Amino acid sequence: MRFWTSALRYTKTDMLAADNISGGARIVDRRQWARKVHILSAIFLALTAVISLASGPTGTSLWSALIKIVTEEPLSTLELIVLRDIRLPRLILGIMVGAALAVSGVVMQGLFRNPLADPGLVGVGAGAGLGAIFAIVLGGLVPLWIGNLIGNALIPIAAFCGGWLSTIILYRVSTRRGRTSVATMLLAGIALGALAGAVSGILVYMADDQQLRDLTFWGLGSLAGATWSKVMIAGPLIALAIIGSLFLRRGLNGLALGEATASHLGIPVQRLKSGSILIVAAATGAAVAVSGGIGFIGIVVPHLLRLATGPDHETLLVNAALLGATLLLGADIISRMIIAPAELPIGIVTAVLGAPVFLWILLRRRGLVDM
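This structure is a prediction, so every number in the text was calculated from the model and none was measured. (Residues numbered from 1 in each chain as written. Predicted model: local features only at pLDDT ≥ 70, side-chain atom pairs only at ≥ 80, totals over all residues. Heavy atoms only, no water.)

Scanning the chain for helices and strands turns up 18 helices and 2 strands. Within the span of the chain, comprising 371 residues, buried residues form 47% of the whole. Looking at the chain alone, contacts between residues at least 24 apart form 78% of all its contacts between residues at least 6 apart. (Helix = DSSP H or I, 4+ residues; strand = E, 2+ residues; numbered from the N terminus. Buried < 20%, exposed > 50% of the residue type's maximum accessible area, 1.4 Å probe, protein only. Contact = heavy atoms within 4.5 Å.)

So this is what it looks like as structure tokens:
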């Protein structure tokens, strides 16, 4: 708790002083607009959630089920199974994964002070992918009693462990004498991602045809396998990570001025870095473990919100969670309906929608990457 309380010697008074220096009237207007975005994002999320519950290849109708509930008529077995055991856990998992990826993107971009930063930079995604590939290809080597104990949770657990292991290695490599180098972290993340890719390639070469299909589908990302057990596995970690990120909001605001300035403002920079990496690892690792590889949410959502409401993390984190959940649910609806009754992997949909936006970001920010 000491970390969370000491981050916030950088008080609201400091923020207001900074506002006055950089043009207070415009920033106050942006904050008012950010509050409106809160409301709009919540409304859009609610609407998208209702559409998600009502969408699907089966003939089950949400509206007829609601009418039966209101009139106290019993639901049919099919309606109960589809709504309670298929669509509802898928809806909740989509909200959690979208919020986790978007909030992780905000934290990473605030930590690196670069709008092109992505949760994948810390190697969590690559490590989680390697863990999942291990479980898919070598899962038959797991003792029978362990398989019976964890059941279908083997792949999510292996993916989460792989993501956390890569994070621990990255943190140890980039930390020296109690100080974490962001530049070293970036380079080490690239190296770990390449190493994980090489080991994954060896395992893919060893896989049979069915395992290759499983690997391909998992790598493209999907919410098709959503169950209440996955919600219970990922939910607490994602919720704690998102709540924890809110305690970093003022520290990330101060870090935008540079590490030296942030230290002078009383922000414990090293603890802020450690907390940020911990939160990104928990949120991204849990999200990737239960949904597979879903790209562009973590980089596109934070940047779009910065363009709309400004860089203040006081409002950015909450808006990112709401918008990230909304966009992922929207992509999931498209993936289910575009080739119904079959289903398109959701990672393809987010890539098709997110890649043009990412190119647009690059065109706007070419000065940041020109050497």
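One can find Val124 in helix 6 (residues 124–138). Sequence separation between Val124 and Gly162 is 38 residues; the distance between their C-alpha atoms is 7.8 Å. For Val124, the residues in contact, after removing those within four places along its chain, are Gly163, Ser166, Thr167, Ala281, Thr284 and Gly285.

Before going further, it helps to spend a moment on the pattern of salt bridges. All told, the structure shown has 7 salt bridges when counted by the stated rule. Between Arg90 and Glu343 there is a salt bridge; the shortest N-O distance is 2.6 Å. With a gap of 253 residues between them, Arg90 in helix 5 (residues 77–112) and Glu343 in the loop between helix 16 (313–337) and helix 17 (346–364) connect regions that are remote in the sequence. According to the relative accessible area criterion, Arg90 is buried, its value standing at 6%. In this structure, Arg249 and Glu314 form a salt bridge, with 2.9 Å as the shortest nitrogen-oxygen distance. Of this pair, Arg249 sits in helix 12 (residues 249–255) while Glu314 sits in helix 16, and the two are 65 residues apart along the sequence. Members of the salt-bridge network, linked through shared partners, are Arg90, Asp332, Arg336 and Glu343. (Salt bridge = Lys/Arg side-chain N within 4 Å of Asp/Glu carboxyl O.)

In contact at an axis separation of 8 Å, helix 11 (residues 228–246) and helix 14 (residues 269–291) are set at 155 degrees when each is read in the N-to-C sense. The orientation of helix 11 with respect to helix 14, classified from their angle, is roughly antiparallel. Of the two possible hands of crossing, helix 11 and helix 14 adopt the one that is left-handed. Where helix 11 approaches helix 14, its residues Lys230, Ala234, Leu237, Ile238, Ala241, Gly244 and Ser245 are matched on the opposing element by Ile279, Ala282, Ala283, Ala286, Ala287 and Val290. Partitioning the contact of helix 11 with helix 14 into residue classes produces 10 nonpolar, 2 polar and 1 charged. (Axes fitted to C-alpha atoms, helices over the stretch in contact; angles between N-to-C directions. Parallel < 35°, antiparallel > 145°, perpendicular 65-115°, else oblique. Left-handed = near helix turned anticlockwise from the far one by under 90°. Nonpolar A, V, L, I, M, F, W, Y, C, P; charged D, E, K, R; others polar.)

In this fold, Arg306 is placed in helix 15 (residues 297–309). It turns out Arg306 is buried and unbridged, and the closest side chain with the opposite charge, Asp312, is 9.8 Å from it. Leave out the neighbours within four places in its chain, and Arg306 touches Arg30, Val106, Gln109, Gly110, Pro311, His313 and Leu316. (Lys, Arg positive; Asp, Glu negative; His and termini not counted.)

Within the largest apolar cluster, 72 residues are counted, with the highest numbers of intra-cluster contacts made by Leu93, Val97 and Val122. In this view, Val122 contacts Met108, Leu170, Met185, Ile277 and Val280; residues no more than four positions away in its chain are not counted. Counting residues in hydrophobic clusters, the runner-up holds 7 residues, among them Ala49, Leu91, Leu322 and Leu329. (Core = buried A, V, L, I, M, F, W, Y, C linked by side-chain atoms within 4.5 Å.)

An ideal rise of 1.5 Å per residue puts 33 Å on 23 residues; helix 14 measures up with 32 Å between its terminal C-alpha atoms. Of all 23 residues making up helix 14, 20 are buried, and the element is well covered by its neighbours. Of the residues flanking the end of helix 14, it is Gly292, one or two places downstream, whose phi is positive at about 85 degrees. (Expected span 1.5 Å × (residues − 1).)

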